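Understanding the architecture of this molecule
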Amino acid sequence: MADAASNEQLKFIRNFSIIAHIDHGKSTLADRIIQFCGGLTERELKEQVLDSMDLERERGITIKAQSVTLDYRAQDGNTYQLNFIDTPGHVDFSYEVSRSLYACEGALLVVDAAQGVEAQSVANCYTAIEQNLEVLPVLNKMDLPQADPDKVAHEIEEIIGLEAQDAVRVSAKSGLNIDLLLERLVRDIPPPKGDREGHLQALIIDSWFDNYQGVVSLVRLFDGTLKKGDKIQMKSTGRDWEVTDIGYFTPKQNSTGILRAGEVGFVIAGIKDIQGAPVGDTITHTKTKDVPRLPGFQKVKPQVYAGMFPVSSDDYEDFRDALEKLALNDASLDYVPENSDALGFGFRVGFLGTLHMEIVQERLEREYDIDLLTTAPTVNYEILMDNGELVTISNPSKLPDMANVSEMREPIVRATILVPQEYVGNVISECVNRRGVQLDMQVLGSQMQLVYELPMAEVVMDFFDRLKSISKGYASLDYSFERFDAAKLVRLDILINGDRVDALALIIHRDHAHSRGRILVDKMKELIPRQMFDVAVQATIGGHVVARSTVKALRKNVTAKCYGGDTTRKKKLLEKQKAGKKRMKQVGRVEIPQDAFLAVLKVNE
Amino acid sequence: MMDLPPLALYIHVPWCVRKCPYCDFNSHGVGRDTELPETRYIDALLADLDQDHHAVQGREIVSIFIGGGTPSLLSASAYQRLLDGLRQRLIFARDIEITLEANPGTVEQTRFEGYRRSGINRLSIGVQSFAAGQLEALGRIHSGGEAKRAVRSAREAGFDNVNLDLMHGLPGQTLAAALGDIEQALALEPTHLSWYQLTLEPNTEFFSHPPPLPDEERLWDIQDAGHDLLESADFSRYEISAYARPGRQAHHNLNYWRFGDYLGIGAGAHGKLSSIDPAGRWRIERRWKTRQPEAYLRRMNDPRGFVAGGQTVERRALPLEFLMNALRLTDGVDVEDWENHTGQPLSELTPRLEAARRQGLLTTSPSRLQATPQGLLFLNDLLALFDEEA
């Protein structure tokens, strides 16, 4: 079928993504488009079909890229193939966004007509524009009485510089103007280019491991045609495979036996290991193995690190296996074994951000049934030794002897914050508290744009949550790593009943050490349950106690009444107590709950 | 070959006048004027026993406890017929203890005399408190004065062995009020006092609408001072919540705490029964009867019998099951009781006993399994060490 006429068909294809802030309605809009095109029957259309991981649906966020292919019969009488590639909407996952955009010729910028533009969308939108995508603004939530589309259109023009006066005004919830949106999409987003008779050149946008099918790769074909049974080669490994299944998602997996240039779909080739089909790799035919590689993606680097330890040491092997399996589908997950005096054997795991960390922990516990303790997240620090050696550490307890350290350096980010004017004061003082340096401040539409340089350590902890709470949810944030800067940092140690607990150590700015130490021990006092004896919690710097508090001993812990013959009641009571201890770790004689290890994240609550 | 543990009998009477807001037992409030199906219930109890009779294995019955609900709602003639029926079916030990639970609001002198004649030789009277406000808050149907009269009537009817149930840590209770309750109880000269702290149990009215309970410090003061007061009156604590005059410990409860066997008959009654097969393998089974009184009565002519469920206690669950009872006793139990009442070697327990001893929760005596004073205060923590998955 790969004839000249086939290349004509390219003009009936549109590849697009949706850029939107988390709650601006992307998933609802995606559902509505799928429904409009008949991708699923009413019965099959579960809410938000594209967010397929349980966790994604529960949290209402997208973590991984997904795609769906739809047929749209336009008013010009032609049927268009729409390939929609979903993008994650959280700041932790911006790397995945640029990957998704790479497969597209256009993107819908969906903005809540009641809320206005938010920083993450701006950043993603710039990424799209840099990649030469046609960006189509869409004003959503027109059903809301407080929708102010003129104001928001103006804001889009001012902040992003995108013509928005004739932006389509839709309501994904009610279905208003979805037809108009699809017409506009077909009209304004350019069709893909490519030669279906040329040598195969396909880019792997995403790969995941499926228990039944092995590695499934989401690909965008730039040139050539790929069929079931074809011999293919991965450019990065030079290994040959045979395509066993190929097709696209509707969103159901639909095996068509063929994909052509310009299309987006899945390829399965009997690959058992995700490294055999790495994201960003180029696929070609074995017979045309000299085809050049497409520019892939930069390997993403973890931004925050935390120790993860199984509550029960018997689970260590299971935990390692689970991490290996999880890493199959998450190239950003990075881990090395770690041994803690307090927590035993575990792993130091690198994450894209704290949300990523929470998600990984939840998946490990839910999907692999392992109870875990996670230590407070930390960023990478550079330590310049007196002998000129530069050491990078991601674990406070591994900080070398300060006597030999000439300089400590911390990562600095450039943060862009968009916030309505009335909350600017709050945001500025929050940034100042976090050692921020203001680079720029300007009015954009009805919002202020603040640009700050901030220590990454201050940003990755709870900055985003904090911004939300001091701006009634309106502030938005985007940030990127800039450089390492020298800083006066110290290690704050936590002692429980006189013993230093390595897993509780923190690296912190010297000027904050006393006040944060105080807040931290008070918070830990709240979080450590009372036990059979007094528990002393101390914060120390270089051996000097800067704060202390005491968890008073319980008077007793015993069931008053004995229930004669029915022992099930008593057992239930003991089981309840046991369930309460599930996420506790015995450190010395003291039971410490998970919450206490993350107390540093909760000091602002 | 080892012998089976001693065997007791528990009989449940599932009705009461009004359900108390703290009570999570299988009891059903029926008001004061409802005529209870006494005859049918006694028939059912005896039929229930007949169905369990194979578990007796030739043992004599060391004690009987008739609990509820409010067993004193049933007449003396009903118990006469019940105990006659039991004597026909079972061998009673020479010194058998037969206890009946009585609510002070449901008994008068003549009824007590009839109970005594039927063979019941111990009464457990649910006083809970003597303070009018507390009795009302607890939903009790009697006054403090009635409780006192009931105890005197019981004694005049020939009961020389009387337990009083008394609670502390009641809503808003002061130390003085709690001690006042104990003093009034002591003045009635019981032989035994069950003095226990009010606990909010799931599936009770108090659990869903918790009353304002005293704080931990006051609870501690009450327990501390109350304990001293009881001990100074020659009531020795022999279990977490049980105090007795010399030689007057409750045999029936001791059998539970020592992991003895018991048959359970009546609506919702639980039994624990051991058996040893010819190869010497032990099996310990728990079984329970249909809970709803009407459903229980209907089981009389039902081929399924009265049993609602049963479960073999797995070997790995035995340490907790055994110690959860045994360690409630202030003197604990002889180490030999473990082997004698579970059929398992002591080595099954040793590593965890060592851990408990290291934490100072268990005495170091090699011949006893006994909690230290600290272990008694933190019994839940001590038992956690013996959890089957620990």
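Cut-offs applied
Residues numbered from 1 in each chain as written. Chains lettered and ligands numbered in written order. Predicted model: local features only at pLDDT ≥ 70, side-chain atom pairs only at ≥ 80, totals over all residues. Heavy atoms only, no water. UniProt positions renumbered as here; feature names shortened; annotations may be inferred. Pairing = 2+ DSSP bridges. Helix = DSSP H or I, 4+ residues; strand = E, 2+ residues; numbered from the N terminus. Buried < 20%, exposed > 50% of the residue type's maximum accessible area, 1.4 Å probe, protein only. Axes fitted to C-alpha atoms, helices over the stretch in contact; angles between N-to-C directions. Salt bridge = Lys/Arg side-chain N within 4 Å of Asp/Glu carboxyl O. Contact = heavy atoms within 4.5 Å. Buried area = accessible area lost by both parts, 1.4 Å probe. Polar contact = N/O pair within 3.5 Å; in protein donor to acceptor, adjacent residues only side chain to side chain. Nonpolar A, V, L, I, M, F, W, Y, C, P; charged D, E, K, R; others polar. Phe/Tyr/Trp six-rings, centres within 6.5 Å; stacked < 30°, edge-to-face > 60°. Lys NZ or Arg CZ within 6 Å of the ring centre and 35° of its normal. pLDDT = per-residue confidence, 0-100. Expected span 1.5 Å × (residues − 1). Bend = angle between axes of the 7 residues up to and from the residue. Patch = residues over 30% accessible without salt bridge, like charges linked within 9 Å, V, L, I, M, F, W, Y side chains within 5 Å. Areas by Shrake-Rupley, 256 points an atom, 1.4 Å probe, with all protein chains shown as cover. Lys, Arg positive; Asp, Glu negative; His and termini not counted. Charge placed at Lys NZ, Arg CZ, Asp CG, Glu CD.

Per an unreviewed UniProt entry, chain B is named Heme chaperone HemW, and its organism is Salinicola corii. If you open the UniProt record of chain B and go to Subcellular location (unreviewed entry), you find "Cytoplasm". The Sequence similarities (unreviewed entry) comment attached to chain B in UniProt states, word for word, "Belongs to the anaerobic coproporphyrinogen-III oxidase family. HemW subfamily."

In the annotation of an unreviewed UniProt entry, the entry for chain A reads Elongation factor 4, and the organism field reads Salinicola corii. Quoted verbatim from the Subcellular location (unreviewed entry) field of the UniProt record, the comment on chain A reads "Cell membrane". In its Catalytic activity (unreviewed entry) section, the UniProt entry covering chain A states "GTP + H2O = GDP + phosphate + H(+)".

1. Some details on the pairing of strand S16 (residues 282-285) of chain A
In the sheet, strand S7 (residues 201-210) of chain A pairs with S16(A) via two bridges, with the strands oriented antiparallel. Residue pairing for S16(A): A:Leu203 is matched across the bridge by A:Thr282.

2. Here we look at the UniProt feature "binding site: GTP" (unreviewed entry) in chain A
All names here are of chain A. What UniProt calls "binding site: GTP" (unreviewed entry) maps, in this numbering, to Asp23, His24, Gly25, Lys26, Ser27, Thr28, Asn140, Lys141, Met142 and Asp143. As for its position among the elements, Thr28 is in helix H2 (residues 26-36). We classify Thr28 as partly exposed; its relative accessible area is 25%.

3. Some points on the sheet that holds S16(A)
Residues and elements named next belong to chain A. An order of S11-S10-S16-S7-S8-S15-S12-S13 is seen for the eight strands of this open sheet, with the pairing classed as antiparallel. Because the sheet does not close on itself, it has two edges, and the strands there are strand S11 (240-242) and strand S13 (253-255). In this sheet, neighbouring strand axes are inclined to one another by 40° on average, regardless of whether the strands run parallel or antiparallel. In terms of strand pairing, strand S10 (residues 231-234) meets S16 through three bridges, oriented antiparallel. Residue pairing across strands places Met234 opposite Ile283, the latter belonging to S16.

4. Here's the deal with the pattern of salt bridges
Within the structure shown, the criterion is met by 45 salt bridges over all chains. Where A:Arg184 meets A:Asp166, a salt bridge forms, and the shortest distance between an N and an O atom there is 3.9 Å. With A:Arg184 in helix H7 (residues 178-188) and A:Asp166 in the loop between helix H6 (149-159) and strand S6 (168-169), this residue pair connects regions lying 18 residues apart in the sequence. By relative accessible area, A:Asp166 is classed as partly exposed at 44%. Linking B:Asp48 and B:Lys289 is a salt bridge whose minimum nitrogen-to-oxygen distance equals 2.7 Å. You can see B:Asp48 sitting in helix H1 (residues 38-52) and its partner B:Lys289 sitting in strand S13 (residues 282-289), a full 241 residues away along the chain.

5. Quick look at the interface of chain A and chain B
Between chain A and chain B, the residue contacts involve 26 residues of the former and 40 residues of the latter. Both faces considered, chain A and chain B share a buried interface measuring about 3200 Å² in area, 51% of it formed by carbon and sulfur atoms. Summed over the three residues of chain A that lose the most area to chain B, namely A:Met532, A:Arg555 and A:Lys556, the buried surface amounts to 23% of that side. Between the two partners, chain A and chain B, sit two salt bridges. B:Glu216 is the salt-bridge partner of A:Arg530, the closest N and O atoms lying 2.7 Å from each other. Along the contact surface separating chain A from chain B lie nine residue pairs in polar contact (both at pLDDT 80 or more). For the side of chain A that touches chain B, the per-class residue count stands at eight nonpolar, eight polar and ten charged.

6. What about the packing of aromatic side chains?
All names here are of chain B. This structure, assessed with the given rule, holds 23 aromatic pairs over all chains. If you follow Arg116 out to its NZ or CZ, it ends over the ring of Phe159, 5.8 Å from the centre. Here the guanidinium or amino end of Arg245 rests over the ring plane of Phe235, the centre of that ring lying 6.0 Å away.

7. Some points on the confidence of the model for chain A
The predicted model of chain A has a mean per-residue pLDDT of 85, with 90% of residues at 70 or higher. In the model of chain A, helix H3 (residues 54-59) of chain A stands out as the element of lowest mean pLDDT, 54, in contrast to strand S9 (residues 225-227) of chain A, which has the highest, 96.

8. Describing helix H13 (residues 510-527) of chain A
Each α-helix turn comprises 3.6 residues. Residues three or four places apart therefore point the same way. Taking 1.5 Å per residue as the helical rise, H13(A) with its 18 residues ought to reach 26 Å, and the 25 Å between its terminal C-alpha atoms agrees with that figure. The sharpest bend along H13(A) comes to roughly 30°, located at A:Arg516.

9. Side note on a negative patch on the surface
Together, B:Asp215, B:Asp221, B:Asp224, B:Asp228 and B:Glu231 make up a region of like negative charge exposed at the surface. With respect to the helices, strands and loops of the structure, B:Asp224 is situated in helix H8 (residues 216-232).

10. Observations regarding the environment of B:Ile125
Residues and elements named next belong to chain B. On the secondary structure map, Ile125 appears in strand S6 (residues 122-128). In this structure Ile125 comes out as buried when scored by relative accessible area, which is 1%. The spatial distance from the C-alpha of Ile125 to the C-alpha of Asn103 is 5.9 Å, given a sequence separation of 22 residues. Residues in contact with Ile125, not counting those within four places in the same chain, are Ala102, Pro104, Ala150, Val151, Ala154, Val162, Asn163, Leu164 and Asp165.

11. Topic: the side chain of B:His12
Residue and element names in this part refer to chain B. As for its position among the elements, His12 is in strand S1 (residues 7-13). Given the relative accessible area of 4%, His12 is considered buried. Leave out the neighbours within four places in its chain, and His12 touches Asn26, Tyr41, Leu45, Gly67, Gly68, Gly69, Ile265, Gly266, Ala267 and Ala269.

12. Let's talk about the sheet that holds strand S18 (residues 334-340) of chain A
Strand pairs in the sheet, formed through backbone hydrogen bonds, run parallel or antiparallel to each other. Residues and elements named next belong to chain A. Strand order in the open sheet formed by four strands is S18-S19-S17-S20, with antiparallel pairing between adjacent strands. Strands at the two margins of the open sheet, each flanked by one partner only, are S18 and strand S20 (372-374). On average, adjacent strands in this sheet sit at an angle of 30° to one another, irrespective of strand direction. When strand S17 (residues 304-310) meets strand S19 (residues 344-351), the two strands line up antiparallel, connected through five bridges. Each residue of the ladder has a partner; that of Met308, found in S19, is Phe347. Contacts between helix H8 (residues 316-328) and the sheet are confined to S17, S18, S19 and S20, with S19 contributing the most and set at about 15° to the helix. Running at roughly 170° to S20, helix H9 (residues 354-368) makes contact with S17, S19 and S20 of the sheet.

13. Digging into unusual backbone geometry
Looking along the chain, the bond that leaves B:Gly68 and enters B:Gly69 is cis, with omega of 20°. Along the chain, B:Gly69 falls in the loop between strand S4 (61-68) and helix H2 (76-89). Despite not being glycine, A:Asn177 has its phi angle at roughly 65°, a positive value. On the secondary structure map, A:Asn177 appears in the loop between S6 and H7. Note on A:Asn177: relative accessible area 23%, which makes it partly exposed.

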